Structures are given as C-alpha cells and as structure tokens.
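Now for the letters of each chain:
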Amino acid sequence: MSARIALPEPAALAEAAERLRAGELVAFPTETVYGLGANALDAVAVAKIYTAKGRPATNPLIVHVASVAQAKTLVKTWPALADELAAAHWPGPLTLVLERANHVPDSVTAGGPTVGIRIPSHPVALELLRLAGVPVAAPSANRSEEISPTRAQHVADSLGAFVDDLLILDGGACDVGIESTVLDVTCEPPRVLRPGMCLPPLAPLVTPSGSAKGDVARSPGQMLRHYAPKKPTLVLGFGEKYTQVEGDAWLTLPATPEAAAQALYVELRRLDSDPHVARIVLPVVPDSPEWDAIRDRLRRAATPRHE
Ligand code: AMP
Ligand code: MG
C-alpha cells in the first residue's frame, strides 16, 4: 500500500489516463476538492472506489465528463434546463442530477434511477478526462466521513494506506475548496440536494420566490455526519450551549464566503492534527444564501459519530 504524487506533466497524465482505461483508480485535482476516480462505465473499477474509501454502497458517485456531448451519453433525457445550466456553469462546481441511462452501473448511482454529472474546470481534470476518453466517477479522495482533501498530500495521508500504488496528480491547492453544488433537475422545480459555491447564481433560476433557501433535502448519500474532524467538534448556533474547556480551539474563517470555502478544510485539518487542540469550536456564519454551503459543512462536521 502506497501512494505516488506526480506533477501533471505529459507522461504522468498519460499514465493516469491509461490507468483509468485499465480499470484502476487515479486521484486527481478538481477545482472543488481532489477526486478518487475510476472509469464510470466499469462496475469492477467503481467498486474499488467504495473499498478504498470505506464508503457505504448507498452513497452515489458524481460522474465527471469532458463535454456536454459526453454527459448526454449517460442520461435518458436531457431537459432544456440542463442545457441552460450547463451553458452558464460548466465547466464548474455544479453537479446536475439527471435520469440515468441503462448502461450506467448501479454502483455509480447507488442503485437509484438518477446519475449526478459535472464538467470540472480544473485544467488537470479536464486534460485527464480528455485523454482517458471515458467518463470518470469520482467522489472526494479521502476515507469516508473524513475531511475532503484540497491538496495532493491530503490524499496521500488519507488513502495511502488503503490503495496499492495510488497515482495522485498534483494540481496544487483547490480553488473552490468545498464540494460541488448538487442540483436535481429531474423534478419541478429543481432541488438543491447539496449546497455548494455555485448556489448564489442559481438561486433566481431555481426558485424565483427564493423559497428553496435552506431546502437541502436528504438524498441518497446526504449523510448527516460528513466532512468531519476526528476530534470532538461543536458548532454554536445549532442548539449547543458553549462552556469553554481546556484545549478548545476556535476555527476562524476569512470574511468572504469564497475565501472561507477555500480555507475551511485546510483549517479543520490543521486543528485536527494539532496536539494542543482537544476540541474544535466552529463559528456561526451569516444567515445568507452565499454562506449556505459553508453552514452546511460546519453542521455536518459537528454531528457526533454514530448518528
Ligand atoms: P462526494 O463525491 O463524496 O462529494 O459525494 C457525491 C455526492 O453527490 C453524494 O454524497 C450525493 O449527495 C450527491 N449525489 C451524487 N449522485 C447523486 C444522485 N444520483 N442523486 C442524488 N445525489 C447524488
Ligand atoms: Mg466526500
């Protein structure tokens, strides 16, 4: 069991693409977080993702594609709204949930009738997808429930002991820093299943009335505890009374939601591995739509284990 971090030079990219085509796993950077990818049309390859992550089979994967044309090969119907959203937000941190085509393996969709798809904007991800020529199913490249990786080294730290000879393409720090917005466009009106940094520009399209704010429905895979440090973690403002104890450390976040998203997982990791920190106290963030995704991640990080 081991991992190898490689700069995304032509030889490493070609090797990564070849590995994907051969049914092996590859970790790669996206603008949201690092992904652990497998050929989405190869059920045996996809099964390796679940094993490596210790991920429950009920949690579907997002399929990454290089073009809208490739996205269309994975679905039964491609609504006009998908065209509009793809034109406005792809490549970018928006996942569209659509009716799946029959040949998409059950392991990708967790047995459900829909598939989540996006075109990532990170140049290394795009180049890898083009070279591989296959759609790539990729959840975040970390053990299940742990904090998502936003640096290549985070992937090695989390998965190095669970995958043999894992190739990790190093694309530097992730620009967005938290997972994509997941939008179900199979229903009317469309529903946000997971908030992400693509939420604000979508709001007028999704809910002219603004009524979907906070309407983050439970969906397959919307596990309550997720993105979580190993240490006890609490967030104020969700019903917890705060009494300071020795070893408490406050997470501080930058003032804008974009900068806060970029910093969130790096800061959580830092506090989680600091031997002087016994407990992590998370901040309350503004109650406005631009902060929805960060509020969501803070809430999940603070959910006790075994819930
Ligand atoms: P991850 O890649 O680890 O961030 O997880 C992908 C997440 O996307 C899942 O946990 C689901 O919340 C969501 N997702 C992916 N595909 C679907 C789908 N077909 N239906 C509903 N949610 C999905
Ligand atoms: Mg994840």
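Small disclaimer: the values here were computed from a predicted structure and weren't measured. (Residues numbered from 1 in each chain as written. Chains lettered and ligands numbered in written order. Predicted model: local features only at pLDDT ≥ 70, side-chain atom pairs only at ≥ 80, totals over all residues. Heavy atoms only, no water.)

**Comments concerning the overall build of the protein chain**
Stage number 1. Each helix and strand counted, the protein chain has 10 helices and 13 strands in total.
Stage number 2. In the protein chain, which comprises 307 residues, the proportion classed as buried is 56%.
Stage number 3. Surface exposure of the protein chain reaches about 12,800 Å², of which carbon and sulfur atoms provide 56%. (Helix = DSSP H or I, 4+ residues; strand = E, 2+ residues; numbered from the N terminus. Buried < 20%, exposed > 50% of the residue type's maximum accessible area, 1.4 Å probe, protein only. Areas by Shrake-Rupley, 256 points an atom, 1.4 Å probe, with all protein chains shown as cover.)

**Let's talk about the packing of helix α1 (residues 10-21) against helix α6 (residues 123-132)**
How two helices sit against one another is set out by the angle between their axes and by the gap between those axes.
Stage number 1. Closest axis-to-axis distance for the α1/α6 pair is 9 Å, and the angle between their directions is 55 degrees. With respect to their mutual orientation, α1 and α6 come out oblique. At the point where α1 passes α6, the crossing takes the right-handed sense. Taken together, the residues of α6 that come into contact with α1 (itself represented by Leu-13, Ala-14, Ala-16, Ala-17, Leu-20 and Arg-21) are Val-124, Glu-127, Leu-128, Leu-131 and Ala-132.
Stage number 2. Of the residues contributing to the contact of α1 with α6, the split by class is nine nonpolar, no polar and two charged. (Axes fitted to C-alpha atoms, helices over the stretch in contact; angles between N-to-C directions. Parallel < 35°, antiparallel > 145°, perpendicular 65-115°, else oblique. Left-handed = near helix turned anticlockwise from the far one by under 90°. Contact = heavy atoms within 4.5 Å. Nonpolar A, V, L, I, M, F, W, Y, C, P; charged D, E, K, R; others polar.)

**Focus on the packing of helix α9 (residues 257-273) against helix α10 (residues 292-301)**
Stage number 1. Contact geometry of α9 with α10 gives a least axis separation of 10 Å together with a crossing angle of 20 degrees. By the criterion of interaxial angle, the relationship of α9 to α10 is roughly parallel. Considering how the two elements wind past one another, α9 and α10 form a crossing that is left-handed. Within the contact between the two elements, α9 uses Pro-257, Ala-260, Ala-261, Leu-264, Tyr-265 and Leu-268 and α10 uses Ile-294, Arg-297, Leu-298 and Ala-301.
Stage number 2. Its residues assigned to classes, the contact of α9 with α10 comprises nine nonpolar, no polar and one charged.

**Here's the deal with the UniProt feature "binding site: L-threonine" (unreviewed entry) in the protein chain**
Stage number 1. UniProt marks Thr-32, His-64, Ala-138 and Ser-180 with the feature "binding site: L-threonine" (unreviewed entry), using the numbering shown here. These annotated residues cover 149 residues of sequence, and their C-alpha atoms all fall within 12.3 Å of one another, placing them together at a single site.
Stage number 2. By the element assignment, Thr-32 lies in the loop between β2 (26-28) and β3 (35-39).
Stage number 3. Other than its neighbours up to four places away in sequence, Thr-32 contacts Pro-93, Arg-118, Thr-150, Cys-174, Val-176, Gly-177, Ile-178, Glu-179 and Ser-180.
Stage number 4. Here Ala-138 shows up in the loop between β7 (136-137) and α7 (152-159).
Stage number 5. Leaving out residues up to four positions away in the same chain, Ala-138 has contacts with Phe-28, Gly-35, Leu-36, Gly-37, Ile-62 and His-64. (UniProt positions renumbered as here; feature names shortened; annotations may be inferred.)

**Points about the nonpolar core**
Stage number 1. Membership of the largest hydrophobic core comes to 46 residues, with the highest contact counts inside it found for Leu-36, Trp-90, Leu-96, Ile-117 and Leu-166.
Stage number 2. Listing elements by their share of this core, those giving two or more residues are β3, α2 (43-53), α4 (80-89), β5 (94-99), β6 (114-118), α7 and β8 (166-169).
Stage number 3. No other element matches α2, which puts five residues into this core.
Stage number 4. Ignoring sequence-local partners within four residues, the contact set of Ile-117 consists of Val-63, Val-65, Ala-71, Leu-74, Val-75, Trp-90, Leu-94, Thr-95, Leu-96 and Leu-98.
Stage number 5. With 25 residues, the next largest nonpolar core counts Leu-251, Ala-260, Leu-282 and Ala-302 among its residues. (Core = buried A, V, L, I, M, F, W, Y, C linked by side-chain atoms within 4.5 Å.)

**Section: the packing of aromatic side chains**
Here the distance between the centres and the angle between the planes together describe a pair of aromatic rings.
Stage number 1. Within the structure shown, the criterion is met by one aromatic pair.
Stage number 2. Their ring planes at 50 degrees and their centres at 6.2 Å tell us that Trp-78 and Trp-90 sit as a pair that is tilted. Taken as a pair, Trp-78 in the loop between α3 (68-72) and α4 and Trp-90 in the loop between α4 and β5 lie far apart in primary sequence, 12 residues in all. Both residues of the pair, Trp-78 and Trp-90, count as buried. (Phe/Tyr/Trp six-rings, centres within 6.5 Å; stacked < 30°, edge-to-face > 60°.)

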